[in-house]
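Secondary and tertiary structure notes
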Amino acid sequence: MSKIQLIHDYEYAQATVTGLVVVDFRMDFCPGCERMDAVLSHLAKLPQNQVVKFIALSINQDFQVAEAIGIKCAPTVLIKQNGQIIGHFFGAQPASRVQACLDHAQQEAMADA
């Protein structure tokens, strides 16, 4: 996958039920969110992340999922494996930190297979 797919609340459950998924809860006109968008867009293009799905929800437009799972700030990023949250972080993060989380998740998935 080479880009971040913007989804809506009603698509969240289906979009995150299988595989390794990075979910970016973001807001429009948020400087930290814009920085995180750039990081995630870069990571989504890397060959080692081809099996990772990158999605985003704009919580100022689609807030029901964020509210239901307790998202309090933007950006908040969840890493989900087969529907289960296996990692998260708040605020803009460097690409190296996000990639380390993805590498760990992919290694865990391979070990479980």
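Overview of the structure. (Residues numbered from 1 in each chain as written. Predicted model: local features only at pLDDT ≥ 70, side-chain atom pairs only at ≥ 80, totals over all residues. Heavy atoms only, no water.)

1. With respect to the nonpolar core
Threshold: What we call a nonpolar core is a set of buried Ala, Val, Leu, Ile, Met, Phe, Trp, Tyr and Cys residues that are connected through their side-chain atoms within 4.5 Å. Here's how the labels work: a residue is buried when its accessible area is under 20% of the maximum for its type, exposed when over 50%, partly exposed in between, all with a 1.4 Å probe on protein chains only. Secondary structure counts use DSSP, requiring at least four H or I residues in a row for a helix and at least two E residues in a row for a strand, with both numbered from the N terminus. Contacts were defined at the residue level, with two residues in contact if any of their heavy atoms lie within 4.5 Å.
V22, M36, L40, F54, V98 and L102 are the most contacted members of the largest nonpolar core, which has 15 residues in total. Breaking this core down by element, the ones donating at least two residues are β2 (20-26), α2 (31-44), β3 (52-58), β4 (76-81) and α4 (95-112). Considering each element in turn, this core owes the most residues, five residues, to α2. The residues contacting V98, other than those within four sequence positions of it, are M36, V39, L40, L43, F89 and Q93. Grouped together as the second largest cluster of nonpolar side chains are 13 residues, Y12, I55, L57 and L78 included.

2. Here's the deal with the pattern of salt bridges
Between side chains of opposite charge, a pair can form when the charged atoms approach closely. This is how it is decided: By convention in these notes, a salt bridge is any Lys or Arg side-chain nitrogen within 4 Å of a carboxyl oxygen on Asp or Glu.
In this structure the tally under the stated criterion is two salt bridges. With a closest N to O distance of 3.2 Å, R26 and D28 form a salt bridge. Residue classification places R26 among the buried positions, given a relative accessible area of 11%. According to the relative accessible area criterion, D28 is partly exposed, its value standing at 26%. Where D37 meets R26, a salt bridge forms, and the shortest distance between an N and an O atom there is 2.7 Å. Here R26 lies in strand β2 and D37 lies in helix α2, a separation of 11 residues in the sequence. The network of salt bridges with shared partners includes R26, D28 and D37.

3. Some points on the environment of L102
Secondary-structure assignment places L102 in helix α4. Look at L102 and you get buried, because its relative accessible area is 0%. Sequence separation between L102 and V21 is 81 residues; the distance between their C-alpha atoms is 9.4 Å. In contact with L102, other than residues within four places in its own chain, are L20, V22, N49, V52, F54 and I79.

4. Structural notes on the sheet that holds β4
So the rule is basically this: Two strands form a pair only when DSSP identifies at least two bridges running between them. To obtain each axis, a line is fitted to C-alpha atoms, and for helices this fit is confined to the stretch in contact; angles are then taken between N-to-C directions over 0 to 180 degrees.
Judged by pairing direction, the sheet is mixed, and its five strands sit side by side in the order β1-β3-β2-β4-β5 without closing on themselves. Where the open sheet ends on each side, the last strands, each with one partner, are β1 (5-7) and β5 (84-90). Shown here is a sheet whose adjacent strand axes are inclined to one another by a mean of 25°, direction ignored. Relative to β3, β2 is paired through seven bridges, and the arrangement is parallel. By the bridge assignment, D24 is partnered in β3 with A56. Packed on one face of the sheet, α2 meets β2, β3, β4 and β5 and runs near 160° to β2.

5. Topic: α2
The line we're drawing: Each helix should span, by expectation, one fewer than its residue count multiplied by 1.5 Å.
Taking 1.5 Å per residue, 14 residues should reach 20 Å; α2 reaches 20 Å between its end C-alpha atoms and fits that length. Taken as a whole, α2 has its buried residues at G32, C33, M36, D37, V39, L40, L43 and A44. Buried residues along α2 sit against β2, β3, β4, β5 and α4.

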